[in-house]
Amino acid sequence: MPFDYYGGFIEQMLADQLTELVKNDTTPVTVHPSIAKMLESTATPPPLGHPVLKEILGYGDVATTPVPVQTTWKVAHFNGGSKIVVPAPDSILSYVELSIQFKTEKSSGVIFFWKEDAKFLTVTLENSFIKVYASLGVDATILRSENAVSLYHWHKLEVWRSGKGVLLKVNKQGWVESELHASKSEILEGTGHIFLGSPDIQDVPTVMKDIDGFSGCVKRVRLNGRSIVMQSVYATNVSECFQDPCASFGCPKGCMSHNSAPVCQCDWPKTGRKCTDLSDTTISAMKFSGLSYLEVDNEDVMSHITGDSLDMAVNFKIKNTTQHLRQILVSAGDVTHEDDFFELSVDNNKFVRFALNLGSGTIVLTHPKRIVEDTWNTVEVIRKKNSVKLSVNGEDPISTFAPDGAEQLNVYRNVFIGNNHLTEGSTDGHDFAGFDGCIISVKFDQTIINHPIQTKAAINIQDCAI
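Every value quoted in this text rests on a predicted model; they were computed, and no experiment measured them.

Caption draft 1: Expanded view of the overall build of the protein chain. Helices and strands together make up the secondary structure of the protein chain, namely four helices and 37 strands. In the protein chain, which comprises 466 residues, the proportion classed as buried is 47%. Counting only contacts in the protein chain whose residues sit at least 6 apart along the sequence, the fraction spanning at least 24 positions is 68%. Carbon together with sulfur atoms contributes 49% to the accessible area of the protein chain, which is approximately 23300 Å² in total.

Caption draft 2: Layout of the side chain of S145. With respect to the secondary-structure elements, S145 resides in the loop between strand 8 (140-144) and strand 9 (154-162). The class for S145 is buried, based on a relative accessible area of 2%. A polar contact is formed between the side chain of S145 and the backbone oxygen of N147, at a distance of 2.9 Å. Beyond its immediate chain neighbours, meaning those up to four positions away, S145 contacts F129, I130, L168, V170, Q173 and V176.

Caption draft 3: Representation of the pairing of strand 6 (residues 119-126) within the structure. Burial analysis of strand 6 places eight of its eight residues in the buried class, which makes it a mostly covered element. The side-chain alternation of strand 6 yields two buried faces, one formed by K119, L121, V123 and L125 and the other by F120, T122, T124 and E126. Relative to strand 6, strand 5 (residues 109-116) runs antiparallel, the two being bridged by seven bridges. Within the sheet, the bridge partner assigned to V110 lies in strand 6 and is T124. Hairpin connection between strand 5 and strand 6: a loop of two residues separates the two successive antiparallel strands, and D117 in this loop has a positive phi of roughly 60°. In this sheet, strand 7 (residues 129-136) lies alongside strand 6 in antiparallel orientation, the contact comprising eight bridges. Bridging from a neighbouring strand, L121 pairs with A134 of strand 7. Hairpin connection of strand 6 to strand 7: two residues between the antiparallel strands, including N127 at a positive phi of 50°.

Caption draft 4: Quick peek at the packing of aromatic side chains. All chains considered together, the criterion is met by eight aromatic pairs. Between F78 and F214 the ring centres are 6.4 Å apart and the planes differ by 65°, which places this aromatic pair in the edge-to-face class. With a gap of 136 residues between them, F78 in strand 2 (residues 75-79) and F214 in the loop between strand 12 (193-196) and strand 13 (215-223) connect regions that are remote in the sequence. Seen in terms of ring centroids, Y293 and F416 are 5.9 Å apart; in terms of plane orientation they differ by 55°. Their pairing is tilted. With Y293 in strand 23 (residues 293-296) and F416 in strand 32 (residues 415-417), this pair connects stretches of sequence that are 123 residues apart. Side by side, Y293 and F416 carry an identical accessibility label, which is buried. Taken together, F78, F102 and F214 form an aromatic cluster joined through their ring pairs.

Caption draft 5: Region of interest: the nonpolar core. Residues I305, M312, L344 and F444 are the most contacted members of the largest nonpolar core, which totals 44 residues. When sequence neighbours within four positions are dropped, the list of residues in contact with F444 reads V301, H304, I305, L310, D311, M312, V330, V415 and I449.

Caption draft 6: Here's a closer look at the state of the cysteines. Counted according to the given criterion, the structure contains four disulfides. With its sulfur 1.9 Å from that of its partner, C217 forms a disulfide with C241. On the S-S bond that ties C217 to C241, the torsion sits near 80°, and the link is right-handed. Taken together, the residues span a long stretch of sequence, with C217 in strand 13 and C241 in the loop between strand 17 (239-240) and strand 18 (254-258) at a distance of 24 residues. Using a relative accessible area of 1% as the deciding quantity, one classes C217 as buried. A sulfur-sulfur distance of 1.9 Å marks the disulfide that ties C438 to C464. Around the S-S axis, the bridge from C438 to C464 shows a dihedral of about 85° and counts as right-handed.

Caption draft 7: Here's a closer look at the sheet that holds strand 12. One open sheet holds the seven strands; their spatial order is 8-7-6-5-12-3-16, and the pairing between them is antiparallel. Each edge of the sheet is formed by a strand with only one pairing partner; in this case those strands are strand 8 and strand 16 (235-236).

Caption draft 8: Focus on helix 4 (residues 299-306). Turning to helix 4, its buried residues are V301, M302 and I305. The buried residues of helix 4 occupy an angular sector of 95° when the element is viewed end-on, so they sit on one face.

Caption draft 9: Examining the pattern of salt bridges more closely. In this structure the tally under the stated criterion is 10 salt bridges. A salt bridge links R144 to D339; its shortest N-O distance comes to 3.6 Å. A residue pair is termed long-range when its members are at least 10 positions apart, and R144 in strand 8 and D339 in the loop between strand 25 (326-333) and strand 26 (341-346) qualify at 195 residues. The shortest N-O distance in the salt bridge between D311 and K443 comes to 3.9 Å. Residue D311 is found in strand 24 (residues 309-318), and its partner K443 is found in strand 34 (residues 436-444); the two are separated by 132 residues along the sequence. Overall, the relative accessible area of 22% leaves D311 in the partly exposed class. Linked through salt bridges whose partners overlap, the residues forming this network are E126, K131 and K209.

Caption draft 10: The arrangement of the environment of M230 in detail. Residue position: M230 is located in strand 15 (residues 230-231). A relative accessible area of 3% places M230 in the buried class. The spatial distance from the C-alpha of M230 to the C-alpha of A76 is 7.4 Å, given a sequence separation of 154 residues. With near-sequence residues (within four places) excluded, M230 lies in contact with T71, T72, W73, K74, A76, I84, L196, V218, K219 and V221.

Caption draft 11: Geometry of the environment of K287. As for its placement among the helices and strands, K287 is situated in strand 22 (residues 286-289). Distance from K287 to D436, taken between C-alpha atoms, is 7.9 Å for residues 149 residues apart in sequence. Beyond its immediate chain neighbours, meaning those up to four positions away, K287 contacts S292, G437, C438, N460, I461, Q462, D463 and C464.

Reading the values: rules and limits
Residues numbered from 1 in each chain as written. Predicted model: local features only at pLDDT ≥ 70, side-chain atom pairs only at ≥ 80, totals over all residues. Heavy atoms only, no water. Helix = DSSP H or I, 4+ residues; strand = E, 2+ residues; numbered from the N terminus. Buried < 20%, exposed > 50% of the residue type's maximum accessible area, 1.4 Å probe, protein only. Contact = heavy atoms within 4.5 Å. Areas by Shrake-Rupley, 256 points an atom, 1.4 Å probe, with all protein chains shown as cover. Polar contact = N/O pair within 3.5 Å; in protein donor to acceptor, adjacent residues only side chain to side chain. Pairing = 2+ DSSP bridges. Phe/Tyr/Trp six-rings, centres within 6.5 Å; stacked < 30°, edge-to-face > 60°. Core = buried A, V, L, I, M, F, W, Y, C linked by side-chain atoms within 4.5 Å. Disulfide = S-S within 2.5 Å. Arc of directions from axis to C-beta. Salt bridge = Lys/Arg side-chain N within 4 Å of Asp/Glu carboxyl O.

So this is what it looks like as structure tokens:
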């Protein structure tokens, strides 16, 4: 029967009992406080539907505390300040079989963190490379993926630890292996907690760098044969994963996300929002927007870059803009600066900077002559074996020596003008920016690059009228 029937029946029963109380002039001490108050002021029992009866019965307009809705995310989004914290399984002390699928928006961040006492295993993203830090309580080992991962694309990482051996695999790259030399055998009281998207800031291992939380999306987290359920009850500042801004924009070739907005990568001479326009093929100087670059694979250029000597000169003017990052003029090699590389740039104070690593350590030269914005400048770098000189606009050069050891630069990618080598995805989260200004020419010994047609790729290049 409907609730109204039962509600009315019970209300009638209560009203009859109150009528009997009034007739007998008795008020039991166990009567409901609202009824006792009413009987003090009137000898008439409440009519059916009276609020007092509804209060006793527990229905009607009675305020209740809402129960929070528990959310479970199949694909969770982390914003750099998000985290999910769950108890670690007992088996984590014996072995680790971890797999995570992720799509990152920035080049650095903590993806997975576990630490209990002196034992730990963490997975981080640093300069677009996956790193694993592991310890069994004595020494620590660090593994790094073979290649960088692109932003705004899905990747899969796997980490295995069995005994003292630790392995890392990212996508279809090969396994990276390392081994711990010792372990503590003490019995721990517990296994602690697992942090997704953030470290435990109260207990970060000293071997780890100071890294922000992860920014991006995570799904299908499995640890030791079981899925980690990403629920709101364990989460802070986590939401549903949003869509890649490039996903439906419709770029004919590549797409980069800049400040969460899509930017098409247009092959010269194409230009425009979606590369539908054609620019004039006559170029007096090449204009770079900060999202532009030239990729040079000329054999003569590469032989000078990788040899034991180099005479490089750049004729350019930089745009008068507020930029808090160094702007890349010319670069080659490892963008993380952990392996062989060179980089010529203009820092945020408008001083020319040259950095080089021949494999024995990084040197940095910063010329004291500040360049003037929106005026033409000439910068020259001369290297003979491990001796390096840097001059700006004919001023006295400054010089230094690379550490003894290698004298040749071992780079495996081409030379990039106007930017570093960027994997397709996003420009956000880097510690550098693309060049914003104009370049007349770049000279590598006797080879001069002064037109997009001389390069392997020319992205978002326009004419800069002199």
